[in-house]
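Structural overview
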Amino acid sequence: MNMNKIAYSVFIAFVASLLTLISVSALSSSEREEADDEGLDPITLDELAEHDGAESCWKAIHGRVYDITDYVPDHPTDDEVILEWCGREATEGWDNKRPGVPHSPRAEGMLDEYLIGRLVDEEGEPVESEAATEANGNANGEADSDQARLSPAEDERLHRALLGLPLDGRYRGVFGDGGEMQVNVQFDLRDGQLSNISYRHLAYRDVDYRRLDEDDDLYPVWVQHQQLAEGLEGQPLTAIFALHEPERLAEDIDGYSGATLRGNKVHSAFRDALNRGVYSWP
Amino acid sequence: MRRWLRPGDIALIILLLLPLAVALPRLGGLAGPPEVWLTWVGRVTGILGLAMMLLAGVVSCRAPGFDRPFGGLARLWHLHHWLGFTAFILVMVHALALGLAAVPASLDAAVATLFPPVSHGSIWLGWLAWLALVVFLAPTFDFFGQPHYQRWKRLHLVSAAALLLGLWHALLLAGEAWPWWLLGIAGLGAIAWRKGVAPRRRHAYRVEAVDPLARGVVELVLRPEGGGIRYEAGQFVYLSPLDESLSAGRGEEHPYTIASAPSDSRLRIGIKDLGDASHALQTVTPETRVLVEGPYGEFFGRRFPERDMLWVGGGIGITPFVGGARDLAAGASVDGHVHLFYLASDSVRAYYREELEGIAEAHEAFAFTQHYSRERGRLDEAFLREHCPDYTEREIFLCGPPAMNAHLRRLLAGQGVPASRIHSEVFDFL
């Protein structure tokens with residue numbers, strides 16, 4: 001058999017395989033669309049929010065809810081990147097793998113395996129993602145603005161704002177001294193409780209603590225700061241005053257005493273965050 | 001094709017593996033579920049396929065002398081042919097493997113991987129490259145019978161588009177771009193040289209005489225207008241006649257073997273009426289111009305210079321041996337003794353015979369035996385043994401019609417002559 005014949009045979013086999021793939025896909029997807037969203041379990045935002053960590057991670061993407069707990073360890077990026085979106089409406093993260101670049105069609109296919117339900121509001125109506133809502137903004141304008149215009153008697157966010165209570169949302173704040181930014185914290189506030197506390201910056205005298213290796217002398221100090229954040233996780237906002245006595249939250253490590261940790265600076269960054277107000281809405 | 005690796009082959013293999021070697025660390029492993037190894041296979045075949053396409057372009061440059069490290073132009077053309085078809089097969093395996101790798105996710109994902117939204121331009125560039133390959137390879141699938149050679153050659157230029165599109169596809173997706181720039185410039189540069197520069201570097205000759213040798217066979221005697229080409233015995237050239245009165249093949253290039261000795265001031269070419277172009281050349285007008293490109297091939301490339309030689313020429317396949325004998329007659333030094341067998345159907349078709357007999361009489365190092373198939377049937381072992389008892393010990397050179405070559409190869413293999421000691425340059429479709 002000469003090369004021409006082999007190439008010709010492969011060519012025919014290739015085209016036939018493509019046609020098979022396309023036709024099988026077209027035929028099977030028409031079935032699936034019939035069994036569309038109506039058949040899926042309704043899941044509310046509150047239920048979704050309960051699954052916000054590595055032990056159980058649910059995400060709402062384009063109105064559907066996925067339980068990706070089993071997939072988290074396989075995701076190509078650091079766990080943090082994917083865990084950040086657990087328990088939330090995560091369409092934005094999905095559509096922006098890199099800024100402006102959505103996940104691939106193949107990833108979309110993998111996502112389907114983890115589908116567990118559809119996102120609904122308290123009345124059981126489907127909830128669309130923010131992006132989709134914006135896009136449909138004009139078409140559904142009236143219905144949306146009815147919901148947005150709550151009576152002053154029932155608008156809790158208005159009440160909290162009037163009383164000077166911090167609103168739910170994401171906060172960011174910094175502490176600086178001597179012309180140097182030393183602490184930058186980020187946290188979420190939900191029903192008055194702290195969550196997702198992280199340091200966006202932590203430095204002193206040109207040492208960037210977040211970049212230290214485990215064998216660096218000052219590494220224990222970074223660990224202690226992480227302990228501060230972990231200690232506050234899930235606590236009421238008022239717990240930030242414990243930072244004035246950091247030994248309550250951080251252990252002594254390698255001769256670095258928890259008591260001498262500059263918890264005040266972290267506290268100050270939290271207060272700065274609250275002063276600035278909500279950085280982004282939940 | 002020879003089983004021996006030539007220096008050129010080794011260079012080709014290194015260039016072929018270069019992009020793969022550079023990319024391999026980032027391709028991950030083969031171990032794991034099907035989607036992992038299918039992705040790996042898809043990427044590796046894509047990288048090898050494009051590298052082969054570009055190298056097929058590189059070896060098509062047909063620069064005189066470039067073919068020598070590959071063992072002659074005929075062998076280089078086989079390499080080109082092989083690289084091109086293998087590349088075509090590999091790029092299809094590449095696409096299918098990547099598509100199938102997405103099937104475990106879902107069928108829709110598989111289809112979307114192969115046919116994504118138009119915004120994923122890099123994938124569509126790959127498809128366009130494949131389409132270009134199909135366009136110029138389709139005639140070789142023999143849908144419509146044997147393709148017309150000159151038309152097919154023009155269509156083959158679509159390969160440049162395939163290379164460009166494939167290269168673009170890879171540059172958008174590859175991690176390291178430099179191996180692709182290297183191979184891309186080499187491949188496209190070779191095509192540009194072949195189509196743009198080389199035609200202007202051909203040597204002009206004048207037809208001094210058209211000597212008829214037999215019915216349908218002439219020897220063209222060509223006088224160089226400038227320096228002319230430098231060649232070795234047994235090499236061949238591409239000849240483009242410019243005679244306006246030719247009935248066919250004017251300005252077309254076709255390969256012909258040189259029958260003159262390198263020391264001859266004239267270039268002599270034996271031409272048999274085998275097709276439209278060679279038919280027209282039988283009556284080419286003297287003093288018209290021809291353009292000559294070459295020389296190519298290494299017909300008498302020795303592998304066992306310590307051995308004597310057996311030359312067997314049949315029909316118009318006698319021409320390289322005529323060149324070799326004339327070279328010998330002109331005083332060229334040859335390692336070992338030469339025995340030439342000339343296979344013809346009868347004395348009318350045994351052109352060049354008298355001249356070859358004359359050379360054999362005058363030179364001890366050269367013996368000549370004529371064989372007529374009309375009298376004795378096909379050349380057999382007994383005839384060879386009778387006239388050249390040590391023929392199995394010699395380094396053997398064959399040139400003639402494919403059936404004769406096949407017959408002689410069988411005969412020689414039956415006598416225990418290793419294939420490595422048999423040379424034959426068969427060129428069809430060059």
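Residues numbered from 1 in each chain as written. Chains lettered and ligands numbered in written order. Predicted model: local features only at pLDDT ≥ 70, side-chain atom pairs only at ≥ 80, totals over all residues. Heavy atoms only, no water.

Residue and element names in this part refer to chain B. Read across the open sheet, the 5 strands follow the order 9-8-7-10-11; overall the sheet is parallel. This sheet does not close on itself; its edge strands, each paired only once, are strand 9 (366–372) and strand 11 (422–424). Neighbour to neighbour, the strand axes of the sheet diverge by 15° on average, direction disregarded. Direction of pairing for strand 10 (residues 395–399) relative to strand 11: parallel, over a ladder of 3 bridges. From the neighbouring strand, I396 faces strand 11, where its bridge partner is I422. Together, strand 7 (309–314), strand 8 (338–344), strand 9 and strand 10 form the strand contacts of helix 10 (residues 319–329), whose direction differs from that of strand 7 by roughly 135°. (Pairing = 2+ DSSP bridges. Helix = DSSP H or I, 4+ residues; strand = E, 2+ residues; numbered from the N terminus. Axes fitted to C-alpha atoms, helices over the stretch in contact; angles between N-to-C directions. Contact = heavy atoms within 4.5 Å.)

Here the focus is the pairing of strand 6 (residues 289–296) of chain B. Residues and elements named next belong to chain B. Of all 8 residues making up strand 6, 7 are buried, and the element is well covered by its neighbours. Alignment of strand 1 (residues 203–214) against strand 6, held across 4 bridges, turns out to be antiparallel. Across the sheet, Y205 pairs through a bridge with V290, a residue of strand 6. Where strand 3 (residues 236–241) lies against strand 6, 5 bridges are found, and the strand directions are antiparallel. Pairing of S240 across the sheet is with L291, part of strand 6. (Buried < 20%, exposed > 50% of the residue type's maximum accessible area, 1.4 Å probe, protein only.)

A few words on the packing of helix 2 (residues 34–59) of chain B against helix 3 (residues 73–101) of chain B. Residue and element names in this part refer to chain B. Between helix 2 and helix 3, the least distance of the axes is 7 Å, while the angle of their chain directions is 155°. By the criterion of interaxial angle, the relationship of helix 2 to helix 3 is roughly antiparallel. Like other packed secondary-structure pairs, helix 2 and helix 3 cross with a definite hand, here left-handed. Split by residue class, the contact of helix 2 with helix 3 holds 19 nonpolar, 9 polar and 2 charged. (Parallel < 35°, antiparallel > 145°, perpendicular 65-115°, else oblique. Left-handed = near helix turned anticlockwise from the far one by under 90°. Nonpolar A, V, L, I, M, F, W, Y, C, P; charged D, E, K, R; others polar.)

A few words on the nonpolar core. Soluble globular proteins tend to pack their nonpolar side chains together in the buried interior. Of all hydrophobic cores here, the largest spans 63 residues; its most connected members are F14(A), M53(B), F88(B), W130(B), F141(B) and W180(B). For this core, the element with the most residues is helix 3 of chain B, which contributes 13 residues. Residue contributions to this core reach at least three from each of two domains, namely domain 1 (7–199) and domain 2 (202–297) of chain B. Leave out the neighbours within four places in its chain, and F14(A) touches M92(B), A95(B), L96(B), W127(B) and W130(B). (Core = buried A, V, L, I, M, F, W, Y, C linked by side-chain atoms within 4.5 Å. Domains from an automatic or database assignment.)

On to the state of the cysteines, then. All names here are of chain A. Taken as a whole and judged by the stated rule, the model has 1 disulfide over all chains. The residue that forms a disulfide with C57 is C86, at a sulfur-sulfur distance of 2.0 Å. An S-S torsion of about -90° defines the bridge between C57 and C86 as left-handed. Placement of the pair is C57 in strand 3 (residues 56–61) and C86 in the loop between helix 3 (79–83) and strand 5 (88–89), with a sequence separation of 29 residues. C86 shares its class with C57; the two are buried. (Disulfide = S-S within 2.5 Å.)

With 33 residues of chain B at the interface, the matching set in chain A holds 23 residues. With both sides pooled, the region where chain B packs onto chain A buries about 2400 Å², and carbon together with sulfur makes up 78% of that total. Put simply, chain B and chain A have 0 salt bridges between them. Taken together, chain B and chain A are joined by 3 residue pairs in polar contact (both at pLDDT 80 or more). Elements represented by at least two residues in the side of chain B that touches chain A include exactly helix 2, helix 3, helix 4 (107–114) and helix 5 (121–137) of chain B. Among the elements that line the side of chain B that touches chain A, the one with the most residues is helix 3 of chain B, at 10 residues. Considered class by class, the residues forming the side of chain B that touches chain A number 24 nonpolar, 7 polar and 2 charged. (Buried area = accessible area lost by both parts, 1.4 Å probe. Salt bridge = Lys/Arg side-chain N within 4 Å of Asp/Glu carboxyl O. Polar contact = N/O pair within 3.5 Å; in protein donor to acceptor, adjacent residues only side chain to side chain.)

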